[in-house]
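Coordinate analysis (summary)
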Amino acid sequence: MELFTYMEQYDYEQVVICQDKQSGLKAIIAIHDTTLGPALGGTRMWTYENEADAFEDALRLAKGMTYKNAAAGLNLGGGKTVIIGDPRKDKNEEMFRAFGRYIQGLNGRYITAEDVGTTVQDMDLIYEETDYVAGISPAFGSSGNPSPVTAYGVYVGMKSAAKEAFGSDDLSGKTVAVQGVGNVAYHLCKHLSEEGAALVVTDINKESVERAVNDFNAKAVNIDEIYGVDCDIFAPCALGGIINDQTIPRLKATVIAGAANNQLKEDRHGHLIHELGIVYAPDYIINAGGVINIADELKGYNAERALKKVEGIYQNLDDVFAIAKRDQIPTFKAADRMAEERIERMSRSRRQFLKDGHHILSRR
Ligand SMILES: NC(=O)C1=CN([C@@H]2O[C@H](COP(=O)(O)OP(=O)(O)OC[C@H]3O[C@@H](n4cnc5c(N)ncnc54)[C@H](O)[C@@H]3O)[C@@H](O)[C@H]2O)C=CC1
Ligand SMILES: CC(C)CC(=O)C(=O)O
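Residues numbered from 1 in each chain as written. Chains lettered and ligands numbered in written order. Predicted model: local features only at pLDDT ≥ 70, side-chain atom pairs only at ≥ 80, totals over all residues. Heavy atoms only, no water.

- As annotated in an unreviewed UniProt entry, the protein chain carries the name Leucine dehydrogenase and is attributed to Halalkalibacter suaedae.
- In its Pathway (unreviewed entry) section, the UniProt record describing the protein chain reads: "Amino-acid degradation; L-leucine degradation; 4-methyl-2-oxopentanoate from L-leucine (dehydrogenase route): step 1/1."
- In its Sequence similarities (unreviewed entry) section, the UniProt entry covering the protein chain states "Belongs to the Glu/Leu/Phe/Val dehydrogenases family." (UniProt positions renumbered as here; feature names shortened; annotations may be inferred.)

**Remarks on unusual backbone geometry**
- Phi at Asp-11 takes a positive value of approximately 60°, unusual for a residue other than glycine.
- Within the element layout of this structure, Asp-11 appears in the loop between helix H1 (3–9) and strand S1 (14–20).
- On the basis of relative accessibility, which here comes to 57%, the residue Asp-11 falls in the exposed class.
- At Asn-262, a residue that is not glycine, the phi angle is positive and equals roughly 55°. (Helix = DSSP H or I, 4+ residues; strand = E, 2+ residues; numbered from the N terminus. Buried < 20%, exposed > 50% of the residue type's maximum accessible area, 1.4 Å probe, protein only.)

**Here's the deal with the UniProt feature "active site" (unreviewed entry) in the protein chain**
- UniProt marks Lys-80 with the feature "active site" (unreviewed entry), using the numbering shown here.
- Along the chain, Lys-80 falls in strand S5 (residues 77–84).
- If we ignore the near neighbours within four places in the chain, the residues touching Lys-80 are Ile-28, Ile-29, Ala-30, Gly-41, Gly-42, Ala-58, Leu-61, Ala-62, Met-65, Tyr-110, Asp-115 and Asn-261. (Contact = heavy atoms within 4.5 Å.)

**Brief notes about the site of ligand 1**
- In the vicinity of ligand 1 there are 21 residues, among which Thr-150, Asn-183, Asp-203, Ala-238 and Asn-261 approach most closely.
- Coverage of ligand 1 by the protein amounts to 86% of the 820 Å² it exposes when considered alone.
- If you list the elements that add at least two residues to the shell around ligand 1, you get helix H5 (147–166) and helix H6 (183–195).
- Both domains that meet at the shell around ligand 1, namely domain 1 (3–65 + 77–137) and domain 2 (147–336), each give it at least three residues. (Near = heavy atom within 4 Å. Areas by Shrake-Rupley, 256 points an atom, 1.4 Å probe, with all protein chains shown as cover. Domains from an automatic or database assignment.)

**Concerning the domain arrangement of the protein chain**
- Domain parsing of the protein chain yields domain 1 (3–65 + 77–137) and domain 2 (147–336).
- Between the C-alpha centres of domain 1 and domain 2 the distance comes to 25 Å.
- Across the boundary between the two partners, domain 1 contributes 15 residues, which contact 11 residues of domain 2.
- Taken together, both faces of the contact between domain 1 and domain 2 bury some 1000 Å²; the carbon and sulfur share is 62%. (Buried area = accessible area lost by both parts, 1.4 Å probe.)

**Topic: the side chain of Glu-195**
- Among the secondary structure elements, Glu-195 is positioned in helix H6.
- A distance of 2.3 Å separates a polar atom in the side chain of Glu-195 from a polar atom in the side chain of Tyr-155.
- At a separation of 2.8 Å, a polar atom in the side chain of Glu-195 contacts the main-chain amide nitrogen of Leu-171. (Polar contact = N/O pair within 3.5 Å; in protein donor to acceptor, adjacent residues only side chain to side chain.)

Written out as structure tokens, the structure is:
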């Protein structure tokens with residue numbers, strides 16, 4: 001990847017490369033766009049095949065956060081961090097403290113939180129060094145782990161997508177194939193099971209599968225079988241790029257609605273599933289619950305208020321489906337349109353009225 005070419009193509013503001021030999025920290029902080037406010041997005045810790053993959057992931061995820069935050073009505077820009085390493089083996093206190101100091105050095109341009117491979121405990125270590133971290137322990141007045149709230153948002157969003165596809169948002173009797181039953185999907189499965197949906201699950205982690213089988217009577221399938229499951233709804237809840245040339249021909253689902261970021265490998269895959277008549281709930285609209293919850297900390301966290309806002313994901317998806325129909329475009333394009341229009345509108349109003357609209361985390 002030619003970094004500057006890529007940054008210019010999608011108009012990224014900044015990429016910060018952090019290296020700390022003592023702790024083994026190798027992190028990439030990507031800030032895509034801060035038109036609406038400071039960039040907020042989680043920190044992912046993952047073992048990448050090579051550095052180029054890590055850069056690409058950080059950059060794509062950061063851009064996704066710009067769109068997610070804009071479409072969710074938040075006054076926040078988009079950013080994301082990738083830490084290269086195995087979250088089961090390579091973490092240590094110094095690493096997250098060092099990372100916290102890098103974030104502090106950005107002076108509020110970027111606020112971090114959890115993503116795949118990081119936990120509330122990791123955020124607490126970052127908090128030792130900087131205020132610009134959310135999703136820390138509730139004992140600090142924070143919102144804690146965002147995953148259950150993300151799951152609730154995906155659940156209400158799935159109901160909106162079901163209404164679009166089947167004419168009713170009732171999920172009882174529907175079969176949902178869930179790829180990856182980690183932090184978010186476990187809670188999603190709970191909501192679905194309580195409503196009477198049948199679950200088919202897979203995960204590379206055997207214990208996670210067993211937990212879903214035991215707790216929700218889910219049927220387990222092998223990793224690769226999940227795409228071909230005879231189901232109503234496919235819920236990608238692991239990593240990105242899973243809607244691609246290899247998987248699309250195998251899908252039997254009428255709806256795709258899940259938590260994973262960057263589900264479409266490329267834009268053309270969004271067009272392909274649209275042509276096949278699959279109702280796609282755009283990833284960054286349906287999985288915005290976590291960031292909506294975390295963003296509430298900027299006002300002094302109130303769980304009830306945050307949850308109410310998360311329920312707005314249902315209406316937001318209704319709006320996306322309506323724009324898609326009105327403009328005869330796939331839903332992922334309709335979501336982009338919604339986000340871009342808000343950024344454009346707000347940037348004009350910002351120039352006129354707002355000198356410094358940034359929030360202060362220390363209010364929490
Ligand atoms: N945690 C949150 O609040 C939010 C998470 N997301 C996205 O949702 C997705 C899931 O996030 P979490 O549940 O927090 O992560 P997690 O790491 O707890 O769960 C992901 C699960 O997917 C499994 N997995 C990985 N590769 C797989 C594969 N090829 N096939 C099957 N399973 C596989 C993992 O073993 C793990 O159990 C990620 O894409 C994340 O970026 C998006 C918004 C907020
Ligand atoms: C705070 C996180 C839940 C935000 C994020 O990184 C995401 O929504 O992917």
